[in-house]
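Residues per chain, in single letters:
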Amino acid sequence: AGDALAGDGSFRDATTDAVRVDAGSAPSVQLSAGTDSLVNVFATPGGILVVRSGFVALVDRSGAELRRWTAPREITAAAFDGTHLAVADRAMLNVLSPSLDVRASAPLTDTCVTGVIVSGPRFICGPAADWDRIFYIHELPSGRLLARSTPYTYQGTPMRRVPGRDDFTTVTTNSSPSDIYLQRVTGDNRVISFRDSPYHGDFSITDTYAFIGDPATHVVTVGGILLQIYVPGCDSGDAGFRGTCFTRDGTLGTLRTGERFVALTEVTATTIAALVDRGDSFGTACQVGCDLQRIDVTGRTVSSTRTHTLASLQRVVVARYDEYGDRLLVGYSTGDRFGSATGHRLLMLAF
């Protein structure tokens, strides 16, 4: 897995051209920590929006809190498009500005455990149910309910918008094997479901993946496999299961034997950020260090590497690139060595 395809078509070691930076020159910054859960995080020019189960905080890049909005009920999901921060609690959809001014609140039909914002702008609420799951489409900034989808079954809970498109992906996380699915939000407020990945257990699919392209054309899986989303027939027709999406189209090739991706996210259309566990931790990832890599997908090469330690990491909740500070935001649930959850931490990591 250490070989990579060079620009001239030859193969070379994927880490040969990596620039290793002295980790001591720019240590990580803790932006948030607590015994509560972390829901989501978003980067803005004015700071980092940290969505926790009880409140939303705007913090600067040193971790100092600038402003806070306290929710009247437990927050369960959040999405951000640069203008609207949609925060769903157990009963209401709250629409905030990037500076946390409240623009509107509207009742929810069902509690959202995840959601995305597409053009319109519209917030798509995804409830927890996997059997006969219904997506709810809300207008922004009013929060008004526009439509609800027909029921879908076994298409996964976590939702991510496909960059540059009114599509989103879902992943089955509580069944084996796991698959990735494609959904589309139409201009007349319907949600259309297209085909899932056709491999059904041939390789690992989790909610750790990154998009390539803008508009996106591929995803990179947790194992470094490239899947082409829109192959001929994938999204043909106007409803139902059409064609086959997410077809295998190469391998990233940067992982070495024993390594694994702990987190992946997009940096540019052709560059991703990856947190790599070197495999020298017993049981829990990153206890003796994880490598934060910037990876050029076109050249299949690692352009920079920096080692960071993430204490008590149990599961990565969110990984997001901060384009304004050129840093990776990694939020994770914390736990003890027996696997019991104890809270969360949010770190800002330098490349």
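Shown above is the structure to which this text applies.
Residues numbered from 1 in each chain as written. Predicted model: local features only at pLDDT ≥ 70, side-chain atom pairs only at ≥ 80, totals over all residues. Heavy atoms only, no water.

Engineer: Can you lay out the pattern of salt bridges for me, pointing to particular residues and giving the numbers?
Structural biologist: Per the stated rule, a full pass over the model turns up 15 salt bridges. Across the pair Asp101 and Arg67 runs a salt bridge whose closest N-O atoms are separated by 2.9 Å. Residue Asp101 is found in the loop between β11 (92-96) and β12 (102-107), and its partner Arg67 is found in strand β8 (residues 65-70); the two are separated by 34 residues along the sequence. Looking at Asp101, the relative accessible area reads 35%, which means it is partly exposed. The salt bridge partner of Glu266 is Arg160, with a shortest N-O separation of 2.7 Å. Of the two residues, Glu266 sits in strand β25 (residues 260-266) while Arg160 sits in strand β17 (residues 159-161), which places them 106 residues apart along the sequence. A relative accessible area of 22% means that Glu266 is categorised as partly exposed. By relative accessible area, Arg160 is classed as partly exposed at 22%. By sharing partners, the salt bridges in this structure join Arg122, Arg161 and Asp166 into a single network. (Salt bridge = Lys/Arg side-chain N within 4 Å of Asp/Glu carboxyl O. Helix = DSSP H or I, 4+ residues; strand = E, 2+ residues; numbered from the N terminus. Buried < 20%, exposed > 50% of the residue type's maximum accessible area, 1.4 Å probe, protein only.)

Engineer: Quick rundown of the side chain of Thr186? Include the residues and the values.
Structural biologist: Counting through the fold element by element, Thr186 comes out in the loop between β19 (180-185) and β20 (191-196). Excluding anything up to four places from it in sequence, Thr186 contacts Arg122 and Ile192. (Contact = heavy atoms within 4.5 Å.)

Engineer: Can you break down the sheet that holds strand β16 (residues 145-148) residue by residue, with the values?
Structural biologist: The strand order β13-β14-β15-β16 describes an open sheet built from four strands, whose pairing is antiparallel. The open sheet terminates on both sides in strands that have one partner only, identified here as β13 (112-118) and β16. Each neighbouring strand pair of the sheet contributes to a mean axis angle of 25°, computed without reference to strand direction. Pairing analysis gives six bridges linking β13 to strand β14 (residues 122-127), with the strands arranged antiparallel. Counted as the bridge partner of Val118 is Arg122 from β14. (Pairing = 2+ DSSP bridges. Axes fitted to C-alpha atoms, helices over the stretch in contact; angles between N-to-C directions.)

Engineer: Break down unusual backbone geometry for me, citing the residues and quoting the values.
Structural biologist: Note on backbone geometry: most residues besides glycine have negative phi, and most peptide bonds are trans. Of note, the bond from Gly120 into Pro121 is cis; its omega dihedral lies within 30 degrees of zero at -10°. Counting through the fold element by element, Pro121 comes out in the loop between β13 and β14. The omega torsion of the bond from Asp214 to Pro215 falls at 5°, within 30 degrees of zero and hence cis. The residue Leu100 is not glycine, and still its phi comes out positive at about 75°. Note on placement: Leu100 falls in the loop between β11 and β12. Note on Leu100: relative accessible area 4%, which makes it buried. Of note in the backbone geometry, Asp326 takes a positive phi value of approximately 50° without being a glycine. Mapping Asp326 onto the fold places it in the loop between β29 (313-322) and β30 (327-335).

Engineer: Help me get a handle on the state of the cysteines, residues and values and all.
Structural biologist: In this structure the tally under the stated criterion is three disulfides. Paired by a disulfide, Cys234 and Cys245 hold their sulfur atoms 1.9 Å apart. Taking the sign of the S-S torsion, 95° for the link of Cys234 and Cys245, the bridge is right-handed. Taken together, the positions of Cys234 in the loop between β23 (225-228) and β24 (247-251) and Cys245 in the loop between β23 and β24 put the pair eleven residues apart, joining distant regions of the chain. Residue Cys234 shares its accessibility class with Cys245, and that shared class is buried. In this model Cys286 forms its disulfide with Cys290; the gap between the sulfur atoms is 1.9 Å. Taking the sign of the torsion about the S-S bond as the criterion, the disulfide between Cys286 and Cys290, at about -75°, is left-handed. Like Cys286, the residue Cys290 is buried in the burial classification. Across the chain, the disulfide pattern expressed with sequentially numbered bonded cysteines is 1-2, 3-4, 5-6. (Disulfide = S-S within 2.5 Å.)

Engineer: Describe the environment of Ala210, listing the residues and the values that go with them.
Structural biologist: Turning to its location among the elements, Ala210 is positioned in strand β21 (residues 210-213). Taking the C-alpha atoms as reference points, Ala210 and Ala273, 63 residues apart in sequence, are found 8.6 Å from one another. Sequence-distant contacts of Ala210, that is, excluding residues within four places in its chain, are made with Arg160, His218, Val219, Val220, Leu264, Thr265, Glu266 and Ile272.

Engineer: Tell me about the environment of Asn94, and name the residues and values.
Structural biologist: Within the secondary structure, Asn94 is located in strand β11. Given the relative accessible area of 3%, Asn94 is considered buried. Considered as a pair, Asn94 and Ala78 are 16 residues apart in the sequence and their alpha carbons are 9.4 Å apart. Leaving out residues up to four positions away in the same chain, Asn94 has contacts with Trp69, Leu85, Ala86, Val87, Asp89, Ala104 and Ser105. Among the polar contacts made by the side chain of Asn94, one reaches the side chain of Asp89 at a distance of 3.3 Å. (Polar contact = N/O pair within 3.5 Å; in protein donor to acceptor, adjacent residues only side chain to side chain.)

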